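Notes for the structure review
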Amino acid sequence: MPVLVGGKKPKKPKIKGEWLAIGLGLPALLIVGAIAYVRDTNLEAQDTVPTPVAAPAPVESPVSAASPVPVASPTPEVSPPAPEVHQGIGVSRAAIQSVFEDPEVGFVFEEPALAQGQPRIMGTAPNQIALIELIGPPDNLTSAGILIGVPIDNNEAIAQNAAYTLGFLQVAVPGWTDGGDWLVRNLDAIHQGRARQASTVFGDKRIELVSLTEIGMVSLSVEPAQN
């Protein structure tokens, strides 16, 4: 047990190398042993004539190969996708809407909404069994169609809807002089059960007539021929 001198604990002599061992985090037992060894060596050196001893070659601490620091690859610049360009049918919304909104025809059109990123407007006939759909920019529609009901017990409604369809075809495909004959011929084939679909191309437009027998309706659509 250390003896107090003058009320103070004697200072422990600092041995060269002690701070290094502590700094390296060596076990305390090894640190004490190293200090005792250095003290004994110093006492023996006082009784003997010192013999020149070559300084030991410096020992380099092994250096572990550092793992290479991964270098992040530069992030490629991604250009925003180009806006999708839709080909039109060369007919404006107003050209069709104005004909069917006429008081003598009486279709009622809703406010435009979006359908797959494009403006879409719907119009309903007074008999509630004919519907017009116009899709695309107002000045150049990308698609136009009419859906008509074919009630088997109402010949007047069938005739009226056929007239709607013929008028629609004349406005949506202007200049097609044989369009009326094509429409009547294929409507008869559908009505008689001889066909369920007919299509043709006039200029840059594709016209398609389809029977939807499951719901008792027929659709006529006009789209760009290249779509």
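The rules we used
- Residues numbered from 1 in each chain as written.
- Predicted model: local features only at pLDDT ≥ 70, side-chain atom pairs only at ≥ 80, totals over all residues.
- Heavy atoms only, no water.
- Salt bridge = Lys/Arg side-chain N within 4 Å of Asp/Glu carboxyl O.
- Helix = DSSP H or I, 4+ residues; strand = E, 2+ residues; numbered from the N terminus.
- Buried < 20%, exposed > 50% of the residue type's maximum accessible area, 1.4 Å probe, protein only.
- Pairing = 2+ DSSP bridges.
- Expected span 1.5 Å × (residues − 1).
- Contact = heavy atoms within 4.5 Å.
- Polar contact = N/O pair within 3.5 Å; in protein donor to acceptor, adjacent residues only side chain to side chain.
- Axes fitted to C-alpha atoms, helices over the stretch in contact; angles between N-to-C directions.
- Parallel < 35°, antiparallel > 145°, perpendicular 65-115°, else oblique.
- Left-handed = near helix turned anticlockwise from the far one by under 90°.
- Nonpolar A, V, L, I, M, F, W, Y, C, P; charged D, E, K, R; others polar.
- Phe/Tyr/Trp six-rings, centres within 6.5 Å; stacked < 30°, edge-to-face > 60°.

Considering the pattern of salt bridges
- Taken as a whole and judged by the stated rule, the model has three salt bridges.
- With a shortest N-O distance of 3.4 Å, E214 and R196 are connected by a salt bridge. Taken together, the residues span a long stretch of sequence, with E214 in the loop between β7 (205–212) and β8 (217–224) and R196 in the loop between α5 (179–191) and β6 (197–202) at a distance of 18 residues.
- According to the relative accessible area criterion, E214 is exposed, its value standing at 65%.
- Two residues, K205 and D204, come together in a salt bridge whose shortest N-O distance is 3.5 Å.
- For D204, a relative accessible area of 41% puts it in the partly exposed group.

Quick look at the pairing of strand β3 (residues 118–124)
- Pairing between strand β1 (residues 108–109) and β3: two bridges, direction antiparallel. For F109, the partnering residue across the bridge sits in β3 and is G123.
- Judged from the three bridges that link them, strand β2 (residues 113–115) and β3 form a sheet pairing that is antiparallel. Looking at β3, one finds that L114 is bridged to P119.
- Linkage of β2 to β3, two consecutive antiparallel strands, is achieved through a turn of two residues, within which Q116 is found at a positive phi near 55 degrees.
- In this structure, β3 lies alongside strand β4 (residues 130–135), joined through five bridges in antiparallel fashion. Among the inter-strand pairings, T124 is bridged to a residue of β4, identified as L131.

Some thoughts on helix α4 (residues 155–172)
- The end-to-end C-alpha distance of α4, which contains 18 residues, comes to 26 Å, matching closely the 26 Å that a straight helix rising 1.5 Å per residue would cover.
- Among the structural elements, α3 (93–100), β4, β5 (143–149), α5, β7 and β8 are those in contact with the buried residues of α4.
- Its side-chain oxygen 3.3 Å from the backbone nitrogen of E156, N154 forms the N-cap of α4.

Describing the side chain of Q118
- For Q118, the position within the fold is in strand β3.
- When its relative accessible area of 12% is taken as the criterion, Q118 is described as buried.
- At 3.0 Å, the side chain of Q118 forms a polar contact with the side chain of T142.

Remarks on unusual backbone geometry
- Phi is positive for Q116, close to 55 degrees, though the residue is something other than glycine.
- Relative to the elements of secondary structure, Q116 occurs in the loop between β2 and β3.

A few points about the packing of α3 against α4
- Packing of α3 against α4 leaves a shortest axis separation of 10 Å and a crossing angle of 150 degrees. In terms of axis orientation, α3 runs roughly antiparallel to α4. Crossing geometry of α3 relative to α4 is assigned as right-handed. Note on element contacts: α4 touches α3 through Y164, G167, F168, V171 and A172, opposite A95, I96, V99 and F100.
- Along the lines of polarity and charge, the residues of the contact of α3 with α4 split into eight nonpolar, one polar and no charged.

Topic: the packing of aromatic side chains
- Evaluation of the coordinates by the stated rule reveals six aromatic pairs.
- Look at F100 and F107: their rings are 5.1 Å apart centre to centre, the planes differ by 75 degrees, and that puts the pair in the edge-to-face class.
- Among the residues examined, F107 registers a relative accessible area of 4% and is labelled buried.
- A ring pair is formed by W176 and F202, whose centres lie 5.6 Å apart and whose planes are at 25 degrees; its orientation type is stacked. Highlighted residues: W176 in the loop between α4 and α5 and F202 in strand β6, separated in sequence by 26 residues.
- Residue classification places F202 among the partly exposed residues on the basis of a relative accessible area of 29%.
- Pairwise contacts between aromatic rings join F100, F107, F109, Y164 and F168 into one cluster.

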